[in-house]
Amino acid sequence: MAYSENNSPPKPGAVVVNDDTTQLNVLCGLLQKAGLEPVPFKSAETALAAMGRDDLAPVLIVTDLYMPGIDGWQFCRLLRSPEFARFNKTPILVVSATFSGDEPARITTDLGANAFLRMPFIGQQFIEQVRALLKGETTAVVLKVLMVEAGGLVSTRLLEALQAHGYWVDA
């Protein structure tokens, strides 16, 4: 582990992906205030290429949803796939100005992300969310499914599969 000039350990890193330069700079500044070293990327493609190296091991990933090329939707799903197994447990915070109501909770769960923060937000709100994620606190919402099936092996397997993916199933 490399140490800085004052012999203190390096700050934990956070990957930040946002194609808007202003938003990218704001997010990086807030992450520094939260005690993290931001590693900024303007596209998910460049972030994924860098994350393929062994020297980048972020403790947090922050991403927007709508970006050219690989968007935040695809980026989150890739980070939860076997191809990027190293990052399957890394907390993901999605930031977006697009959604309201209960949509953020559903989107967060669908993407395998750990939290969703609607923009614009207050800086302190972002920092608190980051700190909560780093402590292992999540705001994931459990999605509910009503399953109507005659029974048998198919319904048992379906019930088990849904529960394994975090759904609450009423059969």
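Each value, and the rule that gives it
Residues numbered from 1 in each chain as written. Predicted model: local features only at pLDDT ≥ 70, side-chain atom pairs only at ≥ 80, totals over all residues. Heavy atoms only, no water. Pairing = 2+ DSSP bridges. Helix = DSSP H or I, 4+ residues; strand = E, 2+ residues; numbered from the N terminus. Right-handed = clockwise from strand over helix to strand, strands pointing away. Axes fitted to C-alpha atoms, helices over the stretch in contact; angles between N-to-C directions. Parallel < 35°, antiparallel > 145°, perpendicular 65-115°, else oblique. Left-handed = near helix turned anticlockwise from the far one by under 90°. Contact = heavy atoms within 4.5 Å.

Participant: Explain the pairing of strand E2 (residues 37–41) to me, using residue names and the numbers behind them.
Facilitator: Pairing geometry for strand E1 (residues 13–17) and E2, over 5 bridges, is parallel. Bridge pairing links Val17 to Phe41 in E2. For the handedness criterion, the β-α-β arrangement of E1, helix H1 (residues 21–33) and E2 is classed as right-handed.

Participant: So, unusual backbone geometry: which residues are in play, and what are the values?
Facilitator: Cis geometry marks the peptide bond from Met119 to Pro120; its omega dihedral reads 0 degrees. Mapped onto the elements of the fold, Pro120 is located in the loop between strand E5 (115–118) and helix H5 (123–134).

Participant: Run through the packing of helix H2 (residues 44–51) against helix H3 (residues 72–79), naming residues and quoting values.
Facilitator: Contact pair H2 / H3: the axes reach a minimum separation of 10 Å and the direction vectors enclose 20 degrees. With respect to H3, the element H2 is oriented roughly parallel. Classified by chirality, the crossing of H3 by H2 is right-handed. Along the contact surface, H2 presents Ala44, Ala47, Leu48 and Met51, while H3 presents Phe75, Leu78 and Leu79.

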